[in-house]
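# A look at the structure
Okay, here's what each chain looks like letter by letter:
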Amino acid sequence: MAYDPRPVEPAIYKRWLDAGVFQPRPEGEPYVIVIPPPNVTDILHVGHALNNVIQDVLIRFERMRGRATEWLPGTDHAGIATQNVVEKRLAAEGKTRFDLGRDEFVKRTWDYVRKTGNTIIEQLKIIGCSCDWSRQRFTLDAEYSAAVREVFVRLWEEKLIYRGHRVIHWCPHCLTALSDEEAEHHETNGNLYYIRYPLVDGSGFITVATTRPETMLGDTAVAVNPDDPRGRPYIGKKVRVPIADVEIPVIADESVDKDFGTGFVKVTPAHDASDFEIGMRHSLPMPLIMREDGTLGEDGGQKTTAAVKDNGGGRDRPTARRVPPELVGVDRFKARKKILERLEATALLVKTEPHRHSVRRCYRCDTVVEPRLSDQWFVKMKPLAEPVLAEYRKGSFVIIPERWRATFEHWMENIRDWNISRQLWWGHRIPVFTCTKCKHQWADRVDPKQCPQCGAGPVEQDPDVLDTWFSSWLWPFATFGWPQDTPDLERFYPGHTLVTAPEILFFWVARMLMSGYHYMDQRLPFRTVYLHGTVRDTKHRKMSKSLGNGIDPLDVVKLFGADALRWTLIAGSSLGADVILDPNDLETTFAPGRNFANKLWNIGQFVLGQLPKNVTAIEAVDRRQLTLADRWILARAQAMIRETTVSLEQFRLDEAAKRCYEFVWNELADWYVEAVKPRLVSGDVGTAGAILAYCFDAALRLLHPVVPFITEALWQRLPGRTADELLAVARWPVARPELDDPRADQEFARVKTVIEQIRSIRAEYRVSPKTRLKATIAARGNDRPATFEGERDTIVRLAQLDSLALDGAPQGVGAHAVFGDGSEVVVALEGVVDLTHECRRLSDEFDRLEKQLGNLAARLTNERFVSRAPQDVVAKEREKEKAWRDQRDVLAGKLKSLGCS
Ligand SMILES: [Zn+2]
Ligand SMILES: [Zn+2]
């Protein structure tokens, strides 16, 4: 009978909510995980499912161990992402955000967020997440915003925030600056263009190589390495930039790579970060020749904020116009083509070479990012990063898997200042104010009415908003009420485990460590960072909307239930490794989870059907009454309890799941239940019932973190449960050393082997399951007959025997198998199978093997083969010879025991 999770799961989730079991216990040592807040506009994808199920397993495990668990949920306002979604919707109405204006746009975005923002939270409930929903937070709610503002002002007061005039990453689609981390590297097949710049003195040309010829309009120098002999004659001369038609100097700068292109590089300080550095060293002009939307032009930005408008066209405006009128307003990539055509026509394009290089793209919209000189707010990161790196090296926190160490240390050592201003409208507005009268500039905790310096006004606020990560980096303490001294903050900070994908190690995790250390008295926000793998398809591609290779976790829940989804994700992901799922075959992909749920359900139906109302507690069972099978399963249960607990403590969740599976399926169902059936049938339920109930109860508890719904449903029905008891808050099992029994373990293993041997003889000779066989065990060494005597009935029944002789001499002909310390089991086959036929089959096989062996031996005695063939080939042949000889000996034994002539 198949288990149907659909009516079960929502009802159980409701019971947990009604009982308030997700909220931390009032007493007890806390265990805290803060959720990586999904974007408020997100719809649950399978990556979220993996991330949250891992957290739920850990939280449920610690909750059952008696800790006061706090799994803090919430969502991120997600600046660019959310603004993009709302702008897309406006575009459908034929409008832009500029048509609405800032206030109206922000209002619209709030409306949208209020209407749709809880979608992902509701989806997390469907997959069973046991978050403390009473403490759900949003990075833009009022209290949280106060914390963000407090941190900004404190950083300002500590002089860790500064206005930087430099080349940043600019997304021409999102119309905002991006941080280094948000501008992601992509390997791209591009071209390297060799372009001639004529010398002003008419003496010839200098050839430069570039991947972005359109930026030549902004060139203010050509640079060469001072150690490059090719460049020396030209240093100090002037060249003319084609098309832009301006004169620029040839300069020497040590940063120029002699091996790139011709050794001469064009310098575009406003549109390249390293050219900007050269420009600073040589006091070069820095004209912007591109607008914010990626079209050519020298008028800076018209569309976005006032600040950008000012610095876009304001500073370093060239006296001469560089962009010819026909290129003004042309998109940068179209302009590239046109410029190349003109260069070609005037014989200034020397050659074009294919060139593989890294291009940065916007992490939100995938547009190629344009380096752009602009004024932005930066945070000085070195003072924040250094102590955290030192703590890491001291072992104050760990990142698992350990292989992330080098990457993490390298990034922390070479940390760059963080560009935190975004030219967006959705987010925390930067609390920097400027007096229009005296130009005094300051950061403020409240919106000021007048200038604190001159007492007059008016006062203008910076139009930009903060990078969305500038709020989420405060998540582990801002969510508990910081900067107020709240009881929650006292109790739940610092937390314990952070579970996330490696992609946001630097965006988020490293920065949380820094802010926690800096603002929470040098106390780090967590001890363990657990970086899990990525969900990929069978071609190892990351699942994504654009590739159309995703899996909707809710589809899986509808088909197979949340437990099947959870089981497949957990059992399929070893620590830090990627999870491979087939989006085109949900049936096969989630079969392990569904099959396991069915098996557990069916074993449950059987066990529950057997148990009397009053089950003896395991500690009350008289241990002298136990059979070998009883002692064995109790010992196996202790092993399962210990191993599962250790695996969960070490974050090896898949091993924990598999260990329980093995117990339930391979030990309890396949062997113990089968072994005790006659006792149950005969009504001798006492001891066997107590043991079944104990083992099944333990397995349900241990499995609960991974498959919470089905285990709760079954556990509720165990005898002796009161109506208000819930497995979700039941005690985690602890091993009972008095039930360990290594001897029973060993002895029952032999009983199992005998049964398995007889079963495989049955299979080999195709004996019908209805045919009862006669078997003899000739025990040797430690395989004392007494071991088998005690379990004689079990062996007879499970191997479908007619009779079992112990320690007798085997009678007649039959099949035999050796096991243990040289003991043998012999199964009589006379009258059961057609011996003549079997003898012929086996001797044919024997003859064929003999012949093959003869050929092989001839090769191996052939001097020429042995001396000329490669060593490993000869070695392989010898191994083969040995394997065939063994096989032949087995066959000879079979022929002999069947009495073939
Ligand atoms: Zn973008
Ligand atoms: Zn003033």
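Because the structure is predicted, anything quoted here is derived from the model rather than measured. (Residues numbered from 1 in each chain as written. Chains lettered and ligands numbered in written order. Predicted model: local features only at pLDDT ≥ 70, side-chain atom pairs only at ≥ 80, totals over all residues. Heavy atoms only, no water.)

## What about the overall build of the protein chain?
- Along its length, the protein chain carries 30 helices and 29 strands.
- Relative to a compact globule of 901 residues, whose C-alpha radius of gyration would be 29 Å, the protein chain shows 37 Å and is clearly more extended.
- Each principal axis of the C-alpha distribution contributes one length, and for the protein chain these read about 110 × 80 × 55 Å.
- Per-residue burial for the protein chain yields a buried fraction of 56% across its 901 residues.
- Of the contacts made within the protein chain by residues no fewer than 6 positions apart, 78% connect residues no fewer than 24 positions apart.
- Carbon and sulfur atoms make up 50% of the accessible area of the protein chain, which amounts to about 39,400 Å² in all. (Helix = DSSP H or I, 4+ residues; strand = E, 2+ residues; numbered from the N terminus. Rg over C-alpha atoms; globule rule 2.2 N^0.38 Å. Buried < 20%, exposed > 50% of the residue type's maximum accessible area, 1.4 Å probe, protein only. Contact = heavy atoms within 4.5 Å. Areas by Shrake-Rupley, 256 points an atom, 1.4 Å probe, with all protein chains shown as cover.)

## Comments concerning the confidence of the model for the protein chain
- Averaged over all residues, the pLDDT of the protein chain equals 88, while 97% of them reach at least 70.
- Segment residues 301-319 is flagged for pLDDT under 50; beyond a separation of four residues in sequence, or across chains, it makes 36 contacts in the model. (pLDDT = per-residue confidence, 0-100.)

## Observations regarding the coordination of the zinc ion (ligand 1)
- Ligation of the zinc ion (ligand 1) by protein atoms is provided by Cys171 (SG), Cys174 (SG), Cys362 (SG) and Cys365 (SG), these donors lying 2.3 Å from the ion.
- One can describe the site at the zinc ion (ligand 1) as tetrahedral: its four donor atoms subtend angles covering 99 to 118° at the metal.
- Motif for the zinc ion (ligand 1), donor spacing along one chain: C-x2-C-x187-C-x2-C. In this pair, Cys171 is assigned in strand 5 (residues 161-171) and Cys362 in strand 13 (residues 349-362), connecting sequence segments 191 residues apart. (Donors = N, O, S within 2.8 Å, 3.2 Å for Na, K, Ca; no water. Tetrahedral: all angles 85-135°; square planar, octahedral: opposite > 155°, others 65-115°.)

## Side note on the coordination of the zinc ion (ligand 2)
- Distances from the zinc ion (ligand 2) to its protein donors, Cys435 (SG), Cys438 (SG), Cys451 (SG) and Cys454 (SG), fall within 2.2 to 2.4 Å.
- One can describe the donor arrangement at the zinc ion (ligand 2) as tetrahedral, given that its four donor atoms subtend angles of 106 to 115° at the metal.
- In the primary structure, the donors to the zinc ion (ligand 2) are separated according to the pattern C-x2-C-x12-C-x2-C. Linking Cys438 in the loop between strand 18 (432-435) and strand 19 (441-443) with Cys451 in the loop between strand 19 and strand 20 (459-461), this pair joins segments that are 13 residues apart in sequence.
- Its relative accessible area of 31% is what places Cys438 among the partly exposed residues.

## Things to note about the sheet that holds strand 29 (residues 823-828)
- In space, the four strands of this open sheet follow the order 27-26-29-28, with mixed pairing throughout. Of all the strands in the sheet, just strand 27 (801-806) and strand 28 (814-819) have a single pairing partner and so form its edges. Across the sheet, the mean angle from the axis of one strand to that of its neighbour is 20°, orientation sign disregarded.
- Alignment of strand 26 (residues 773-778) against strand 27, held across five bridges, turns out to be parallel. Opposite Ile777, over in strand 27, you have Leu806 as the bridge partner.
- Its contacts with the sheet place helix 25 (residues 742-764) against strand 26, strand 27, strand 28 and strand 29, and it is angled at close to 145° to strand 28. (Pairing = 2+ DSSP bridges. Axes fitted to C-alpha atoms, helices over the stretch in contact; angles between N-to-C directions.)

## Some details on the environment of Glu881
- Note on placement: Glu881 falls in helix 30 (residues 871-897).
- Owing to a relative accessible area of 14%, Glu881 belongs among the buried residues under this scheme.
- Put simply, Glu881 and Gln852 are 29 residues apart on the chain and 9.2 Å apart in space, counted from C-alpha to C-alpha.
- Leaving out residues up to four positions away in the same chain, Glu881 has contacts with Leu853, Leu856, Ala857 and Leu860.
- At 2.9 Å, the side chain of Glu881 forms a polar contact with the side chain of Arg885. (Polar contact = N/O pair within 3.5 Å; in protein donor to acceptor, adjacent residues only side chain to side chain.)

## Examining the state of the cysteines
- All told, the structure shown has one disulfide when counted by the stated rule.
- Between the sulfur of Cys839 and that of Cys900 lies a disulfide, 1.9 Å long from S to S. Negative torsions about the S-S bond denote left-handed disulfides, and the value of about -80° found for Cys839 with Cys900 makes this one left-handed. Of this pair, Cys839 sits in helix 28 (residues 835-861) while Cys900 sits in the segment after helix 30, and the two are 61 residues apart along the sequence. Each member of the pair Cys839 and Cys900 is classed as buried. (Disulfide = S-S within 2.5 Å.)

## Quick notes on helix 11 (residues 382-394)
- Here helix 11 spans 18 Å end to end across 13 residues, near enough to the 18 Å set by a 1.5 Å rise per residue.
- Taken together, the buried positions of helix 11 are Leu384, Ala385, Val388, Leu389, Glu391 and Tyr392. Seen from one end, helix 11 has its buried residues packed into an arc of 160°, which puts them on one side.
- Close packing links the buried residues of helix 11 with strand 14 (370-379), strand 15 (398-400), helix 12 (405-413) and helix 16 (505-519).
- Directly beyond the C-terminal end of helix 11, a positive phi value near 90° is found at Gly395. (Expected span 1.5 Å × (residues − 1). Arc of directions from axis to C-beta.)

## So, the pattern of salt bridges
- Per the stated rule, a full pass over the model turns up 74 salt bridges.
- Ionic pairing is found between Arg212 and Glu370, a salt bridge with its closest N-O pair at 2.9 Å. Here Arg212 is found in the loop between strand 8 (205-210) and strand 9 (221-224), whereas its partner Glu370 is found in strand 14, with 158 residues between them in sequence.
- Taking the relative accessible area as the measure of exposure, Arg212 reaches 17% and is therefore buried.
- Judged by its relative accessible area of 5%, Glu370 falls in the buried class.
- One salt bridge connects Arg736 with Glu619, and the closest N-O pair in it is separated by 3.3 Å. Taken together, the residues span a long stretch of sequence, with Arg736 in the loop between helix 24 (708-715) and helix 25 and Glu619 in the loop between helix 20 (591-610) and helix 21 (628-649) at a distance of 117 residues. (Salt bridge = Lys/Arg side-chain N within 4 Å of Asp/Glu carboxyl O.)

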